Amino acid sequence: MHPRSNLFHGKFRLGNFCPQSKHAFRPFSSDETPLPTVAELISKQLWKQLKSHLLNGGPATTLLQQLLDSKTDPDLTLRYFKWSQKEFNLSHSLENRCKLLHSLANAKRYSKMRSFLNDFAKYENSVSVSSIFHAISICGDSFSATSLIADMLVKAYLYNMKTNLGFEVFKRAGDYGYKLSVLSCNHLLSALVKENEIENVEYVFKEMIRRKIEVDVSTFNIVINGLCKVGKLNKASDVIQDMKAWGILRNIITYNTLIAGYCKKGRIGKMYKADAILKEMIASEVRPNEITFNILIDGFCKDENVPAAMKVFKEMQTQGLKPNVVTYNSLIYGLCSEGRIDEANGFLDEMVRLDLKPNVATYNALLNGLCKKGKLKEATDFFDDFVKKGIAPTVITYNTLIDAYCKGGRMEDAFALRESMINRGILPDVSTYNCLIGGLGREGNIRVVRKVTSEMLNKGLKANVITYNILVEAMCKEGESRKAARVLDEMVKTGISPNHVTYNTLMDGYCREGNLRAALNVRTQMEKEGNRPNVVTYNVLIKGLCMKGKLEDANALLNDMLEKGLIPNRTTYEIVKEEMLEKGFVPDIQGHMYSISGS
DNA sequence: ATAGGGTTAG
């Protein structure tokens with residue numbers, strides 16, 4: 001019973017209702033005086049009268065039941081539903097709510113259904129999806145109406161950020177055979193992509209095809225984007241081939257998504273791949289746009305290949321496409337990360353001349369350039385300057401500056417900056433704390449590292465893989481690799497997957513403590529978790545072996561590394577030079593190393 | 001509903 005059902009103490013006479021009659025709906029005409037019908041009371045919004053009727057007449061829930069059974073106009077029933085819910089603070093039964101939905105569906109009151117379901121998704125947290133499906137399937141006999149309700153329910157959950165429930169509805173809809181629209185499924189896919197649930201993305205996509213939902217170009221684009229986001233670039237390329245096989249035309253977004261995927265997540269030769277996709281795109285008669293060029297320019301800049309970026313920049317203009325703020329920001333970022341601050345400033349002037357307004361990202365890139373050069377004073381002045389000019393700093397601006405202070409060993413100033421950002425109404429995020437925790441770790445201040453970390457967690461911020469990597473490194477720096485290993489266990493328990501950096505850092509810690517056996521165990525563990533050793537892994541182990549004087553074993557690892565198709569880098573070369581060649585040991589791959597040292 | 005720029009870890 002409803003807690004407030006004692007309100008309905010009046011005599012409720014069921015016999016006064018005439019469920020069969022649509023029009024003569026006179027529940028309270030116990031005397032001969034003609035009374036307005038309930039329908040009239042609702043349509044004239046005479047709520048006070050209705051309330052007194054109900055208080056004398058009986059439970060409001062039963063009245064809803066009567067309205068539904070009598071096939072009263074669904075608009076009126078909905079009005080009564082809302083009013084009674086508010087007035088009596090009651091919650092109508094799931095079945096009656098589903099009946100109401102069905103009657104709205106049959107009367108094509110779609111926007112009313114949408115807002116009804118939106119409220120449901122927003123406020124109703126205790127009803128399971130399986131009971132909803134049971135109710136909607138028994139409360140109406142129109143298959144298409146039921147499908148529509150399920151379809152709208154997916155969107156309602158997604159709109160209210162309840163992706164998992166939207167996904168649940170998708171699965172149940174399959175069990176019941178209800179057909180969802182491609183639009184809702186696309187919404188669901190993109191929500192799953194945002195939450196990095198790539199397995200569910202692939203599942204939904206396959207299911208859509210199995211259920212014969214007409215997938216469209218957006219469906220494919222969203223899936224490609226999801227695959228790119230988690231670095232499954234080959235699979236993303238395969239999807240493009242599938243589109244061709246299905247006869248679905250690729251559009252500009254399809255290609256831009258894949259090119260951006262290679263630029264961001266691709267490894268060696270990624271820009272070569274990106275260029276190949278560009279060529280295929282042109283062959284498929286899809287013309288690159290500003291965004292395509294921006295993606296390529298940014299990719300080359302991040303690849304530390306500013307000359308190539310400049311070439312694309314020129315080509316873009318040759319094609320008659322105008323560079324915009326994003327274009328310039330990428331170039332400025334690229335120049336700054338090579339330390340070419342003056343040239344970056346030249347581009348800043350150029351964009352102003354072209355009437356392009358530099359934004360906070362432009363200034364952040366320049367600020368970062370100054371910070372990475374260790375020019376703390378200039379960076380601070382520059383920051384004050386552009387803030388005075390009216391550019392609103394963001395959390396990234398502060399993080400850039402805070403990190404610079406931390407790396408400069410000025411922890412007190414860094415914490416003061418955290419205070420000033422809070423005063424400005426900008427809340428520190430995980431990255432802010434990562435910078436601070438990293439700075440404290442470098443100082444070897446483990447006690448404060450712990451304190452600030454728990455402070456972060458207490459503020460409701462979640463530690464991410466970078467946070468844990470910083471903690472692992474901090475422990476290792478203090479010669480506490482065993483404790484670092486426990487941090488790794490803890491992160492796994494929290495549901496965060498360690499990555500290469502995590503394992504490599506821990507291995508490095510063990511190697512520096514001379515515990516090679518433990519380091520090799522970590523490699524076994526990382527492989528078991530599906531992380532193949534990379535160049536850094538080999539560098540760490542080779543150095544560890546060299547330090548122990550096991551030059552033959554180190555040599556074997558070098559060969560192993562080449563066999564695995566990994567290309568030694570500068571650090572590998574440094575290790576070989578200092579730890580092997582200078583000790584008179586010539587590794588098998590010395591010739592190979594020579595070519596690296598020159599690059 | 002799907003594509004581009006700025007911060008943090010080896």
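Residues numbered from 1 in each chain as written. Chains lettered and ligands numbered in written order. Predicted model: local features only at pLDDT ≥ 70, side-chain atom pairs only at ≥ 80, totals over all residues. Heavy atoms only, no water.

The name given to chain A in an unreviewed UniProt entry is Pentacotripeptide-repeat region of PRORP domain-containing protein, with the source organism recorded as Corchorus capsularis. According to the UniProt record, the Sequence similarities (unreviewed entry) comment for chain A is "Belongs to the PPR family. P subfamily." (UniProt positions renumbered as here; feature names shortened; annotations may be inferred.)

Time to look at helix α7 (residues 129–138). Within the span of α7, buried status applies to V129, I132, F133, A135 and I136. Buried positions in α7, seen along its axis, are confined to an arc of 165° and lie on one side of it. Tucked into the core, α7 has its buried residues touching α5 (94–106), α6 (110–123), α8 (143–159) and α9 (163–176). (Buried < 20%, exposed > 50% of the residue type's maximum accessible area, 1.4 Å probe, protein only. Helix = DSSP H or I, 4+ residues; strand = E, 2+ residues; numbered from the N terminus. Arc of directions from axis to C-beta. Contact = heavy atoms within 4.5 Å.)

Residues in close proximity to DNA strand B total 52 residues, the closest being N294, K302, N329, N359 and N399. Taking the atoms of DNA strand B that fall within 4 Å of the protein, sugar and phosphate contribute 50% of them. For DNA strand B, a sugar or linking oxygen lies 3.3 Å from a polar atom in the side chain of H187. (Near = heavy atom within 4 Å. Polar contact = N/O pair within 3.5 Å; in protein donor to acceptor, adjacent residues only side chain to side chain.)

Summed over all chains, the structure comprises 24 salt bridges. In this structure, the salt-bridge partner of E207 is R210, at a minimum N-O distance of 2.9 Å. Of the two residues, E207 and R210 both sit in helix α11 (residues 198–210), three residues apart, roughly one turn of that helix. Its relative accessible area of 54% is what places R210 among the exposed residues. (Salt bridge = Lys/Arg side-chain N within 4 Å of Asp/Glu carboxyl O.)

Peptide bonds are, in most cases, trans, and in most cases residues other than glycine have a negative phi. Even without being glycine, K108 reaches a positive phi, approximately 60°. With respect to the helices, strands and loops of the structure, K108 is situated in the loop between α5 and α6. For N196, which is not glycine, the phi dihedral falls at a positive 60°. Within the secondary structure layout, N196 lies in the loop between α10 (182–194) and α11.

Moving on, we get to the packing of aromatic side chains. Geometrically, a pair of aromatic rings is defined through the distance of the ring centres and the angle of the planes. If you walk through the whole model with that rule in mind, you get 19 aromatic pairs. Measuring from ring centre to ring centre gives 6.0 Å for F133 and Y178, while their planes differ by 20°; the resulting arrangement is stacked. Here F133 is found in helix α7, whereas its partner Y178 is found in the loop between α9 and α10, with 45 residues between them in sequence. Note on F133: relative accessible area 0%, which makes it buried. Accessibility expressed as a relative area gives 8% for Y178, which makes it buried. (Phe/Tyr/Trp six-rings, centres within 6.5 Å; stacked < 30°, edge-to-face > 60°.)

This brings us to the nonpolar core. Among the nonpolar cores identified, the biggest contains 190 residues, and I259, I332, I402, L506 and I542 are the most heavily contacted of them. Considering each element in turn, this core owes the most residues, nine residues, to α8. Aside from chain neighbours lying at most four places away, what touches I332 is A344, F347, L348, M351, T362, A365 and L366. (Core = buried A, V, L, I, M, F, W, Y, C linked by side-chain atoms within 4.5 Å.)

So, about the environment of L367. Mapped onto the elements, L367 comes out in helix α20 (residues 360–372). Put simply, L367 and E419 are 52 residues apart on the chain and 20 Å apart in space, counted from C-alpha to C-alpha. If we ignore the near neighbours within four places in the chain, the residues touching L367 are A379, F382, F383, T397, T400 and L401.

Along the chain, the position of L76 falls in helix α4 (residues 74–87). In the structure, L76 is positioned 253 residues away from N329 in sequence and 57 Å away in space, judged by C-alpha atoms. Ignoring sequence-local partners within four residues, the contact set of L76 consists of A39, I42 and S43.

What follows concerns the packing of helix α14 (residues 252–265) against helix α15 (residues 270–283). Contact geometry for α14 and α15: axes closest at 8 Å, N-to-C directions at 170°. With respect to α15, the element α14 is oriented roughly antiparallel. Contacts between α14 and α15 involve I252, Y255, N256, L258, I259, Y262 and C263 on the former and, on the latter, K270, M271, K273, A274, I277, L278, E280 and M281. Across the contact of α14 with α15, the residue classes tally to eleven nonpolar, one polar and three charged. (Axes fitted to C-alpha atoms, helices over the stretch in contact; angles between N-to-C directions. Parallel < 35°, antiparallel > 145°, perpendicular 65-115°, else oblique. Nonpolar A, V, L, I, M, F, W, Y, C, P; charged D, E, K, R; others polar.)

Moving on, we get to the state of the cysteines. As enumerated under the stated definition, the model contains zero disulfides in all. No disulfide involves C263; its sulfur sits 10 Å from the nearest other cysteine sulfur, which is in C228. There is no disulfide at C371, and the cysteine sulfur nearest it, in C435, is 10 Å away. (Disulfide = S-S within 2.5 Å.)

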